[in-house]
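Structural overview for review
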Amino acid sequence: MARIIVVTSGKGGVGKTTTSAAISMGLAKKGHKTVVIDFDVGLRNLDLIMGCERRVVYDIINVINEEASLNQALIKDKNCNLLSILPASQTRNKDALTQEGVGKILEELSKEFKYIVCDSPAGIEQGAHLAMYFADDAFIVTNPEVSSVRDSDRILGLLSSKSQRAEKNEEPIKEYLILTRYAPERVKSGEMLSLDDVQDILSLDLLGVIPESKSVLTASNSGNPVILDEKSDAGQAYGDIVARYLGETRPHRFIEGKKGLFRKLFGGG
Amino acid sequence: MSLLDYFRTSKTSSASLAKERLQILVAYERSSTNQPPYLPQLQQELLIVIQKYVNVNCDAMTIKLEQNDNQETLELNIVLPDFRRV
Ligand SMILES: Nc1ncnc2c1ncn2[C@@H]1O[C@H](COP(=O)(O)OP(=O)(O)OP(=O)(O)O)[C@@H](O)[C@H]1O
Ligand SMILES: [Mg+2]
């Protein structure tokens, strides 16, 4: 049986697509057959982050409308042959996604893949709803910032009321926190909410903290998920997250930040 | 507390203000999103009925729907005015 993961946040631009690309690549690199689906119909971007934008022929809406088969629409990743990408449509709107259509696609993919990663669009409309509806696990991507934390809390409410598991009274979706764009220095100076502050409000299982990092932009410039940049802090942080999700215990990193000479001399941190 | 911290945390930080605001807001939103959509209307109509008999303020009434494992209770709280018999 496949495990369906939704990467969601409510708020836009917090790092859902960056995260979806990284963890799907990470899972595949660990030997698990994985597919990542872009639910952002009308504003697809996952193809760019994965570097397969020029190979998109059919998309998820074509599959739902039976204009193409699932196998025709799936794109094999250039870096890892255990990873496939199902792109979103760029020309239709979000209402072209139907619950029945998405359900069928996920059912078919479940036969072949171990992990199905759903990159949710921002908001709480149809696209976001369907990305989370069939999920087993939810990765809540949050920035240490008031509106992002508030929206995450809202999403948690929807996960526990508007999902298939909730409606069928099954075991609830397992919810994990990914705190991203974290800047330890700004946390220390009291400008940014800390991990503890965020956890006091959301109290979720922490998968990991991703630091604010230049490597994310470099990765998206070249169309390679940042997790492949093993020297980068963000790449390593995503690597930890995948390992933890698969059951390894790894100490949390990137929460404290580096110690400068000044701080080494005078203590603190 | 290190020497560096001493210079750093002199005033209330903006992050702690953010946290405080969030805690209040999230607590409020959690309690109100779990409520059925008809609740405000119900409250409005109940108030009109009650006002026929007693002179109460609109903010004198709170209404709350609570769910326990096996039952739902509608809790209605009305503060009556401090009236004296003449
Ligand atoms: N850890 C990070 N460090 C620096 N920049 C980041 C980090 N994570 C994401 N970003 C940047 O933030 C922007 C938004 O990221 P991304 O597209 O992944 O967000 P999203 O949640 O998918 O957005 P949308 O809601 O529009 O789908 C991008 O420019 C990305 O490069
Ligand atoms: Mg996105």
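Please read these numbers as outputs of a predicted model, since none were measured by experiment.

Analysis parameters
Residues numbered from 1 in each chain as written. Chains lettered and ligands numbered in written order. Predicted model: local features only at pLDDT ≥ 70, side-chain atom pairs only at ≥ 80, totals over all residues. Heavy atoms only, no water. Axes fitted to C-alpha atoms, helices over the stretch in contact; angles between N-to-C directions. Helix = DSSP H or I, 4+ residues; strand = E, 2+ residues; numbered from the N terminus. Parallel < 35°, antiparallel > 145°, perpendicular 65-115°, else oblique. Left-handed = near helix turned anticlockwise from the far one by under 90°. Contact = heavy atoms within 4.5 Å. Nonpolar A, V, L, I, M, F, W, Y, C, P; charged D, E, K, R; others polar. Near = heavy atom within 4 Å. Polar contact = N/O pair within 3.5 Å; in protein donor to acceptor, adjacent residues only side chain to side chain. Areas by Shrake-Rupley, 256 points an atom, 1.4 Å probe, with all protein chains shown as cover. Buried < 20%, exposed > 50% of the residue type's maximum accessible area, 1.4 Å probe, protein only. pLDDT = per-residue confidence, 0-100. Pairing = 2+ DSSP bridges. Core = buried A, V, L, I, M, F, W, Y, C linked by side-chain atoms within 4.5 Å. Expected span 1.5 Å × (residues − 1).

Axis separation between helix H7 (residues 146-159) of chain A and helix H2 (residues 14-33) of chain B bottoms out at 10 Å; the angle between their running directions is 20°. Between H7 of chain A and H2 of chain B, the angle falls in the class roughly parallel. Judged by the twist between their axes, the crossing of H7 of chain A over H2 of chain B is right-handed. Facing H7 of chain A, whose interface residues are Val146, Val149, Arg150, Asp153 and Arg154 of chain A, H2 of chain B presents Ala18, Leu22, Leu25, Val26, Glu29, Arg30 and Thr33 of chain B. Residues of the contact of H7 of chain A with H2 of chain B, tallied by class, amount to six nonpolar, one polar and five charged.

Once that is clear, we can look at the packing of H7 of chain A against helix H10 (residues 195-202) of chain A. Residues and elements named next belong to chain A. One way to put it is that H7 packs onto H10 with a least axis distance of 10 Å and a crossing angle of 30°. In terms of their interaxial angle, H7 and H10 are classed as roughly parallel. Crossing of H7 against H10: the hand is right-handed. Residues Val149, Ser152, Asp153 and Leu156 of H7 form the contact with H10, whose participating residues are Val198, Ile201 and Leu202.

With that settled, the discussion passes to the site of ligand 1. Residues and elements named next belong to chain A. Taken together, 16 residues surround ligand 1, and among them Gly13, Lys16, Thr17, Thr18 and Ser213 come closest. At 2.8 Å, a side-chain N or O of Lys16 approaches an oxygen atom of ligand 1. At a separation of 2.9 Å, a nitrogen atom of ligand 1 approaches a polar backbone atom of Ser213. In the complex, 77% of the free accessible area of ligand 1, which totals 630 Å², lies under the protein chains. Contributing elements (two or more residues each) for the shell around ligand 1: helix H1 (16-29), strand E7 (174-182) and strand E8 (205-211). If one sorts the elements of the shell around ligand 1 by residue count, H1 sits on top with three residues. Here the residues of the shell around ligand 1 sort into five nonpolar, seven polar and four charged.

Residues and elements named next belong to chain A. A positive phi angle, near 60°, is found at Glu66, a position not held by glycine. Take Glu66: it is sitting in the loop between helix H3 (60-64) and helix H4 (70-73). With a relative accessible area of 64%, Glu66 lands in the exposed category. The phi dihedral of Asn169 falls on the positive side, at around 60°, and the residue is not glycine. On the secondary structure map, Asn169 appears in the loop between helix H8 (164-167) and E7.

Residues and elements named next belong to chain B. Of the residues in chain B, 81% have a pLDDT of 70 or more, and the chain-wide mean is 79. In the model of chain B, helix H1 (residues 3-8) stands out as the element of lowest mean pLDDT, 56, in contrast to H2, which has the highest, 89. Reported for the predicted complex are a pTM of 0.86 and an ipTM of 0.82.

This paragraph deals with the sheet that holds strand E2 (residues 34-38) of chain A. Residues and elements named next belong to chain A. With mixed pairing, eight strands are arranged side by side in an open sheet as E3-E4-E2-E5-E1-E6-E7-E8. At either margin of the open sheet sits one strand with a lone partner, and together these are strand E3 (75-76) and E8. As paired strands, E7 and E8 are joined by six bridges and run parallel to one another. Opposite Leu177, over in E8, you have Leu206 as the bridge partner. Packing of H1 onto the sheet brings it into contact with strand E1 (3-8), E2, strand E4 (83-86), strand E5 (115-119), strand E6 (137-142) and E7, and relative to E5 it is tilted by some 170°.

On to the nonpolar core, then. Residue and element names in this part refer to chain A. Counting residues in hydrophobic clusters, the biggest one holds 55 residues, and the most contacted among them are Ile60, Leu97, Leu109, Ile116 and Leu159. Counting residues per element, this core draws most heavily on H7, at five residues. Residues within four places of Leu159 in sequence aside, it is in contact with Val6, Met132, Ala138, Ile140, Ala166, Ile173 and Glu175. If you look at the next biggest cluster of nonpolar residues, it comprises 36 residues, including Val14, Leu46, Val56 and Val242.

As a further point, take helix H12 (residues 233-245) of chain A. Residue and element names in this part refer to chain A. Between the first and last C-alpha of H12 there are 18 Å, a value that for 13 residues agrees with the 18 Å anticipated at 1.5 Å per step. Across the 13 residues that make up H12, a large majority, 11, are buried. When we look at burial in H12, the residues that qualify are Ala234, Gly235, Ala237, Tyr238, Gly239, Asp240, Ile241, Val242, Ala243, Arg244 and Tyr245. Where H12 begins, the capping side chain belongs to Ser232, and its oxygen is found 2.9 Å from the backbone nitrogen of Gly235. Backbone geometry just after H12 places Gly247 at a positive phi near 105°.

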